[in-house]
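# What the coordinates show
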Amino acid sequence: MDGRRERRERRSGETGTGFPAESEESLLQRAVSALHGSFLHPKSRQEFQYSRAILVENQLFLSELKAFARAKEAAGYSREELQETFAFLLFDKEEEAREVCRTGLRVNSSSISTLGDPAKGVYISKHADCLHPSPWHHGKSGYIVICKLIKGKVRVIPEDYTTTYTCPSPGYDCHVAESREPGSAAPSPCQAFEQSQYYVYEVSGGSPAQRPRQVCPYIVLCCQYRDPKDVAMEEDLPERDHQGLYCPWRGELAIQGKLLCNITLRTPYSSSLPAQL
């Protein structure tokens, strides 16, 4: 891992801020361990580099997470249902990641609707290597927000691709997709992303909460994807070409209107245009 730098971000309630000195290196190790433990694909461990971890301390969110656990324990939830786990969000910009740490994960924040109405709950990923419907491309960087999550009572439902959104289920706190049939083909990046979602909601007084208390931002991690094939190609190039590869074209592959993946053409040769086409 390159440039291991960590900062502790202290927050008090919705608006508290402050940035004390860098914390111990163990924070980065703890964050990477959480990611590795969630990966769907074992090879993902070799495909990401991490450079910085920021601990989020929002006392309001932490107290509400504990209050949610106490309320559900009093309602007879089991220890397994109250166990904290990790879930993940991806942002292109650090400012976006910081914003969700400041305001919390709120309804109407997702374009996904396969497990439930996005206006009544939130979507968050189970696997840290399935955070986007398109595959990662070499050199892409982003900010992963690791959240603490209490799933509560989980209902397994079939994915619904219609515009008739599934409502939160009475007596439950979370929807997950049905498991794929054994022996079925490996899912595309888009399918893996959709199938790895938690749909989390909290209903109070008959109305869905705007920010479910059982989701609490924990750590922000800066990462970069390094495709092993591209890394090997860069290492094989002459020294003068180590600056990077020229990308003459990048686009999307879609079949019947459904996005399957992004395609990028890369070449070690000159990026200058010919004099005549």
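The written sequence of each chain sets the order in which its residues are numbered from 1. Only residues with pLDDT of at least 70 get local features here, since the model is predicted, and only at 80 or more are side-chain atom pairs given and counted; chain-wide, interface and lining totals rely on the full set of residues. To obtain the side-chain values, all non-hydrogen atoms of the structure were used and water was disregarded.

### Overview of the pairing of strand 4 (residues 122-125)
Neither face of strand 4 is exposed, since Val 122 and Ile 124 on one face and Tyr 123 and Ser 125 on the opposite face are all buried. For two strands to pair, DSSP has to find at least two bridges joining them. Every helix listed is a DSSP run of H or I at least four residues long, and every strand listed is a run of E at least two residues long, numbered separately from the N terminus. For strand 4 and strand 8 (residues 197-200), the ladder comprises four bridges, and the chain directions are antiparallel. If you follow Ser 125 over to strand 8, its bridge partner there is Gln 197. Categorising residues by exposure relies on relative accessible area from a 1.4 Å probe, with only protein chains included: less than 20% of the type maximum marks a residue as buried, more than 50% marks it as exposed, and the intermediate range marks it as partly exposed.

### Regarding the pattern of salt bridges
We define a salt bridge as a side-chain nitrogen of Lys or Arg found within 4 Å of a carboxyl oxygen belonging to Asp or Glu. Taken as a whole and assessed by the stated rule, the structure comprises nine salt bridges. Among the salt bridges present, the one from Glu 81 reaches Lys 153, with a minimum N-O distance of 3.1 Å. Note that Glu 81 is positioned in the loop between helix 2 (59-74) and strand 3 (84-91) and Lys 153 in the loop between strand 5 (141-150) and strand 6 (154-157), a separation of 72 residues in sequence. With a shortest N-O distance of 3.1 Å, Lys 140 and Asp 92 are connected by a salt bridge. Of the two residues, Lys 140 is situated in the loop between strand 4 and strand 5 and Asp 92 in the loop between strand 3 and helix 3 (94-103); the sequence distance between them amounts to 48 residues. In this structure Lys 140 comes out as buried when scored by relative accessible area, which is 19%. Among the ionic contacts, a cluster of salt bridges with common partners joins Arg 52, Glu 94 and Arg 98.

### What about the side chain of Ser 38?
Looking at the secondary structure, you find Ser 38 in helix 1 (residues 26-38). One polar contact links the side chain of Ser 38 to the main-chain amide nitrogen of Ala 128, over a distance of 3.0 Å. Any two residues whose heavy atoms approach within 4.5 Å at even a single point are treated as in contact. Beyond its immediate sequence surroundings of up to four residues, Ser 38 is in contact with Phe 88, Lys 126, His 127, Ala 128 and Asp 129. In protein, a polar contact requires one atom able to donate a hydrogen and another able to accept it; more generally it is a pair of N or O atoms within 3.5 Å, and residues adjacent in sequence count only if both atoms are side-chain atoms.

### Re a nonpolar patch on the surface
The residues that make up patches have over 30% relative accessible area and no salt bridge, and they are joined within 9 Å when like-charged or within 5 Å when they are Val, Leu, Ile, Met, Phe, Trp or Tyr. Per-residue and other accessible areas were derived by the Shrake-Rupley procedure at a 1.4 Å probe size, with only the shown protein chains allowed to occlude residues. A contiguous nonpolar surface patch, about 340 Å² in accessible area, is contributed by Trp 249, Leu 253, Ile 263 and Leu 265. Elements that contribute at least two residues to the nonpolar patch include exactly strand 12 (246-255) and strand 13 (258-267). Within the secondary structure, Leu 265 is located in strand 13. We classify Leu 265 as partly exposed; its relative accessible area is 44%.

### Quick look at the confidence of the model for the protein chain
What pLDDT expresses is the predictor's confidence in each residue, scored from 0 to 100. For the protein chain, per-residue confidence averages 84 on the pLDDT scale, and residues scoring 70 or more make up 78% of the total. Confidence drops under pLDDT 50 across residues 1-22; counting only partners more than four residues distant or on other chains, this segment forms 73 contacts.

### Quick word on the packing of aromatic side chains
Paired rings are identified among Phe, Tyr and Trp, the last through its six-membered ring, by centres lying within 6.5 Å, and are further divided according to the angle between planes into stacked (under 30 degrees), edge-to-face (over 60) and tilted (the rest). Evaluation of the coordinates by the stated rule reveals seven aromatic pairs. Ring centres of Tyr 123 and Tyr 199 lie 5.0 Å apart, and the angle between their planes is 45 degrees; this geometry places the pair in the tilted category. Placement of Tyr 123 in strand 4 and of Tyr 199 in strand 8 is noted, with a sequence separation of 76 residues between them. Here Tyr 199 falls in the buried class, since its relative accessible area comes to 0%. Among the aromatic side chains, those forming a connected cluster through ring pairs are Phe 39, Phe 48, Trp 136 and Tyr 225. Charge-over-ring contacts are defined here by two conditions on Lys NZ or Arg CZ: a distance within 6 Å of the ring centre and an angle within 35 degrees of the ring normal. The ring of Tyr 218 has Lys 148 sitting right over it, with the charged end atom 4.8 Å from the ring centre. If you follow Lys 153 out to its NZ or CZ, it ends over the ring of Tyr 77, 4.7 Å from the centre.

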